[in-house]
Amino acid sequence: WQGGINTPDEFNAMMQFHLGHLIISWGVLGYGQQLEGLQVGCNHVFLADNGFFFAKSLEEGLTMIQQITDAIHKIGFKWKPSSLKLMLAGSLRGCSAGLSAVGPDGDQLPFEQVSSFYALGAFVSDDGDQKQAVDHRLMKAERVFRKHQHFLCHRGSHADKLRAWDSTAVSAATYCMG
């Protein structure tokens, strides 16, 4: 099943089917964070097989984490222990929290508390430091540029070079790809 051309779509459909009721209940209960300047809240983001959960309090976060843990175990998945991270931001920034979920066998699944992490190539920090995030993106862009410099700087049409520039270094800087 893993690695096929339809894998991302199939995985997404399966997760929506099995977790949809849970996500809806979080919305009804008002779980998550209000997005600044918008009339909408956010309690989760799934990107491929990465899950990010947003809560207003430690209690709310623990409830969400335990519910999602129970739900994914029920369909045969489990957390990769090294991927369990907890970042406290806003009014909780600087607090210490030993947060763990409980697996189906009663085993503790501890979340490592971090002040920053890389997610899908992007740098995220609890203080929202944009300089570090931009520096990270520019470093990625420079690596991509160096990797493709021979093509970008050789003889050829300016249009081809601009397309190559846009699909390499610009993409790395703006979308953290590369």
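Position labels on residues start from 1 in each chain and follow its written sequence. pLDDT decides what is reported in this predicted model: residues at 70 or higher carry local features, side-chain atom pairs at 80 or more are listed and counted, and totals for whole chains, interfaces and linings draw on all residues regardless. Each side-chain value is derived from all of the structure's non-hydrogen atoms; neither hydrogens nor water enter the calculation.

### What to know about the environment of Leu-22
Take Leu-22: it is sitting in helix H1 (residues 7-28). Each C-alpha atom of the pair Leu-22 and Met-64 lies 8.9 Å from the other, and the pair is 42 residues apart in sequence. By definition, residues are in contact when any of their heavy atoms lie within 4.5 Å. Once residues within four sequence positions are removed from consideration, Leu-22 is found in contact with Gln-67, Ile-68 and Ala-71. Elements are defined by DSSP. Helices are runs of H or I of four residues or more, strands are runs of E of two residues or more, and each kind is numbered from the N terminus.

### Comments concerning the nonpolar core
Of all hydrophobic cores here, the largest spans 21 residues; its most connected members are Leu-19, Trp-26, Ile-68, Ile-72, Trp-79, Leu-86 and Phe-111. Of all the secondary-structure elements, those providing two or more residues to this core are H1 and helix H2 (58-74). Take this core: its biggest share by element is six residues, from H1. If sequence neighbours within four positions are ignored, Leu-86 has contacts with Ala-97, Leu-99, Phe-111, Glu-112, Gln-113 and Val-114. What we call a nonpolar core is a set of buried Ala, Val, Leu, Ile, Met, Phe, Trp, Tyr and Cys residues that are connected through their side-chain atoms within 4.5 Å. The classification of residues rests on relative accessible area computed with a 1.4 Å probe and restricted to protein chains. Under 20% of the type maximum is buried, over 50% is exposed, and intermediate values are partly exposed.

### A short note on the packing of aromatic side chains
Only Phe, Tyr and Trp rings take part, Trp by its six-membered ring, and two of them pair if their centres are within 6.5 Å. Stacked means planes under 30 degrees apart, edge-to-face means over 60, and tilted covers everything else. The tally for this structure, following the rule as stated, stands at two aromatic pairs. On the basis of an interplanar angle of 90° and a centroid distance of 5.8 Å, the ring pair of Phe-11 and Phe-77 is categorised as edge-to-face. Pair noted here: Phe-11 is in helix H1 and Phe-77 is in the loop between H2 and strand E5 (85-86), with a separation of 66 residues, a long-range link. The exposure class of Phe-77 is partly exposed, given its relative accessible area of 27%. Note on Trp-26 and Phe-53: the rings are 6.0 Å apart at their centroids and 85° apart in plane angle, and the pair reads as edge-to-face. Residue Trp-26 is found in helix H1, and its partner Phe-53 is found in strand E4 (residues 50-53); the two are separated by 27 residues along the sequence. Here Trp-26 falls in the buried class, since its relative accessible area comes to 0%. When its relative accessible area of 25% is taken as the criterion, Phe-53 is described as partly exposed.

### What about the pattern of salt bridges?
Here, a salt bridge means any Lys or Arg side-chain nitrogen found within 4 Å of an Asp or Glu carboxyl oxygen. Under the counting rule described, the total for this entry stands at two salt bridges. Residue Glu-60 pairs with Lys-56 through a salt bridge whose shortest N-O separation is 3.3 Å. Taking relative accessible area as the criterion, Lys-56 reaches 44% and is therefore assigned partly exposed. In this structure, the salt-bridge partner of Lys-85 is Glu-112, at a minimum N-O distance of 2.8 Å. Taken together, the residues span a long stretch of sequence, with Lys-85 in strand E5 and Glu-112 in strand E8 (residues 112-113) at a distance of 27 residues. In this structure Glu-112 comes out as partly exposed when scored by relative accessible area, which is 44%.

### Let's talk about the side chain of Thr-69
Position of Thr-69 among the secondary structure elements: in helix H2. Whenever a nitrogen or oxygen atom comes within 3.5 Å of another N or O atom, the pair is scored as a polar contact, on the condition that within protein one atom can donate a hydrogen and the other can accept it, and that pairs from neighbouring residues in sequence are kept only if both atoms are in side chains. Within the structure, the side chain of Thr-69 is placed 2.7 Å from the backbone oxygen of Ile-65, a separation counted as a polar contact.

### Focus on the side chain of Asn-43
By secondary structure assignment, the location of Asn-43 is in the loop between strand E2 (41-42) and strand E3 (44-47). The exposure class of Asn-43 is buried, given its relative accessible area of 8%. A polar atom in the side chain of Asn-43 sits 2.6 Å from the side chain of His-44. Aside from chain neighbours lying at most four places away, what touches Asn-43 is Ile-23, Trp-26, Gly-27, Tyr-31, Gly-32, Phe-52, Phe-53, Phe-54 and Met-64.

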